[in-house]
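# Residue-level structure breakdown
Chain by chain, the residues run as shown.
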There are 2 protein chains.
Amino acid sequence: MTESIKILGISGSLRKRSLNTRLLEIAQSVLPGGVTLEIADLSAIPFYDGDVEKEGLPQSVLDFRKKIHEADAILFASPEYNSSFTGVLKNALDWASRPPKGEPYAMPPTTGKPYAIVGVGGRYGTSRAQSHLRQVLQKMDMPGVNQPEILVQNQPVPVFDQDLNLTDTVAVQLIEILLKNLVKLVGQTRAVQ
Amino acid sequence: MTESIKILGISGSLRKRSLNTRLLEIAQSVLPGGVTLEIADLSAIPFYDGDVEKEGLPQSVLDFRKKIHEADAILFASPEYNSSFTGVLKNALDWASRPPKGEPYAMPPTTGKPYAIVGVGGRYGTSRAQSHLRQVLQKMDMPGVNQPEILVQNQPVPVFDQDLNLTDTVAVQLIEILLKNLVKLVGQTRAVQ
């Protein structure tokens, strides 16, 4: 079941030393056998604009949608800004969920795609951002891994060292379990289409 | 109380003939006496990026924040994409809520700023988008007008004609009441600081 499973990592932060993007890299270090995790680059995706869409999906959006289509599952890393997930991530999802136009698939590439979420924030560990994100992904008809929740608290005690290693070893173990559960969910959705 | 009150209209859509932006224009046509409503242009605001912020807030962001600071109240027009408000709007709020840097005010310009929301969508009239938006604005410490809710339903029967006039006259009346309530809220927050 764990053979050749491709996960696409999507971070809601554009910052280079983002701790949330770092969680995706940490996930890369604890992948189950036969699983790969590529991290998407959202920096070229423009703001969603219905007038632009009418002219045709921008190349960066087509590329992003193709990566989602080719992946077996998505791993989101979600910072929390103002009690919700980021505008950067919402915008990417708004493009990803549009109907296909001249693409070799009939449904939006996100439809039915299994996902899991990781997040690191302050005392509440991005819990509210993840709740909003789950509501949006439900509408997009994506099946999600419910447990464990990865709500890494970087306050009051910072859990990343200067080299951005995650010193919270329980969190690392939970990410490992999360990935196994995501692989299991991929297997389930493959078994019964 | 209605003398020289400036409202800033912020639409979550970039589309030129956006029905939500249109609601702001309709609001402009039913303003209480002494009230002005300017519609903000979000098209030049970049994606929020902590690395960019470190170098200094971009000019378009400074301009947007100044407009918010100088306004007495905000009127949001919120489309609903995937059960939430748009990435475009969330991104603008994420910039607007950052601490000031070299600006002539001590708090983020959104803090304490009264707001109201209008929205037009399908059968559910952007109700879920507005709920998410209110949660975010609560975190940003903005007092909101609770009633009436402007949840314009453009399905199953379209309520805009070809010239984008709103044929739902009850909705127009509700927008008029909403604006009066927003002006009242501005008066209340001015009276007791």
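Keep in mind that this is a model prediction, so the values were computed, not measured. (Residues numbered from 1 in each chain as written. Chains lettered and ligands numbered in written order. Predicted model: local features only at pLDDT ≥ 70, side-chain atom pairs only at ≥ 80, totals over all residues. Heavy atoms only, no water.)

## Some points on the relation of the copies chain A and chain B
Copies of the same chain, two in number, are related to each other by a rotation about an axis and a translation along it. Mapping chain A onto chain B calls for a screw motion: a turn of 180 degrees about the axis and a shift of 0.0 Å along it, with 0.0 Å RMSD after fitting. Here the copies are linked by what is in effect a two-fold axis. Relative to the rotation axis, the C-alpha of A:Gly87 is the closest in chain A, positioned 2.1 Å from it. Taken together, the interface assignments show that 100% of the residues at the interface of chain A recur at the interface of chain B, consistent with an identical surface on both copies. (Least-squares fit on C-alpha atoms with pLDDT ≥ 70 in both. Contact = heavy atoms within 4.5 Å.)

## A few points about the interface of chain A and chain B
Tallying the contact residues gives 29 residues for chain A and 29 residues for chain B. Summed over both partners, the interface of chain A with chain B buries about 2500 Å², with 58% contributed by carbon and sulfur atoms. It is A:Phe47, A:Asn82 and A:His132 in chain A that bury the most area against chain B; as a group they hold 27% of the surface buried on that side. Seen at the junction of chain A and chain B, the total is 0 salt bridges. Our enumeration of links across chain A and chain B arrives at 15 residue pairs in polar contact (both at pLDDT 80 or more). Contributing elements (two or more residues each) for the side of chain A that touches chain B: helix H2 (50-55), helix H4 (87-96) and helix H5 (127-139) of chain A. (Buried area = accessible area lost by both parts, 1.4 Å probe. Salt bridge = Lys/Arg side-chain N within 4 Å of Asp/Glu carboxyl O. Polar contact = N/O pair within 3.5 Å; in protein donor to acceptor, adjacent residues only side chain to side chain. Helix = DSSP H or I, 4+ residues; strand = E, 2+ residues; numbered from the N terminus.)

## Re the nonpolar core
A:Phe76 and B:Phe76 are the most contacted members of the largest nonpolar core, which has 58 residues in total. Dropping the residues within four chain positions of it, B:Phe76 is found in contact with B:Ile10, B:Leu24, B:Leu89, B:Leu93, B:Tyr115, B:Ala116, B:Ile117, B:Val118, B:Leu133, B:Leu137 and B:Met142. (Core = buried A, V, L, I, M, F, W, Y, C linked by side-chain atoms within 4.5 Å. Buried < 20%, exposed > 50% of the residue type's maximum accessible area, 1.4 Å probe, protein only.)

## A short note on helix H3 (residues 59-70) of chain A
All names here are of chain A. With 12 residues, H3 should reach 16 Å at 1.5 Å per residue; the first-to-last C-alpha distance of 16 Å fits that figure. Those residues of H3 that sit buried are Ser 60, Val 61, Phe 64, Arg 65 and Ile 68. All buried residues of H3 lie within an arc of 130 degrees about the axis, which places them on one face of the element. If you follow the buried residues of H3, they end up packed against strand S1 (5-11), strand S3 (73-77) and H4. (Expected span 1.5 Å × (residues − 1). Arc of directions from axis to C-beta.)

## Re the packing of helix H3 (residues 59-70) of chain B against helix H4 (residues 87-96) of chain B
All names here are of chain B. Closest axis-to-axis distance for the H3/H4 pair is 10 Å, and the angle between their directions is 80 degrees. Here H3 lies roughly perpendicular to H4, going by the angle between them. When H3 is examined against H4, the residues Val 61, Phe 64, Arg 65 and Ile 68 are found in contact with a partner set consisting of Ala 92, Trp 95 and Ala 96. Of the residues in the contact of H3 with H4, the class split is 6 nonpolar, no polar and 1 charged. (Axes fitted to C-alpha atoms, helices over the stretch in contact; angles between N-to-C directions. Parallel < 35°, antiparallel > 145°, perpendicular 65-115°, else oblique. Nonpolar A, V, L, I, M, F, W, Y, C, P; charged D, E, K, R; others polar.)

## What to know about the packing of H5(A) against helix H5 (residues 127-139) of chain B
Two numbers describe how H5(A) lies on H5(B): the axes approach to 12 Å, and their chain directions differ by 170 degrees. It follows that H5(A) is roughly antiparallel to H5(B) by the angle criterion. Facing H5(A), whose interface residues are A:Arg128, A:His132, A:Gln135, A:Val136 and A:Lys139, H5(B) presents B:Arg128, B:His132, B:Gln135, B:Val136 and B:Lys139. For the contact of H5(A) with H5(B), a count of residues per class yields 2 nonpolar, 4 polar and 4 charged.

## Quick notes on the pairing of S3(A)
For a regular strand, side-chain orientation follows a simple rule: the groups alternate between the two sheet faces. All names here are of chain A. For S3, the buried fraction is high: 5 of the 5 residues fall into the buried class. Burial along S3 is two-sided: Ala 73, Leu 75 and Ala 77 facing one way and Ile 74 and Phe 76 facing the other are all buried. Where S1 lies against S3, 5 bridges are found, and the strand directions are parallel. Note that in S3 the partner of Ile 7 across the bridge is Ala 73. Where S3 meets strand S4 (residues 115-121), 4 bridges bridge the pair, whose relative direction is parallel. Pairing of Ala 77 across the sheet is with Val 118, part of S4. The β-α-β motif built from S3, the intervening H4 and the parallel element S4 has right-handed crossover chirality. (Pairing = 2+ DSSP bridges. Right-handed = clockwise from strand over helix to strand, strands pointing away.)

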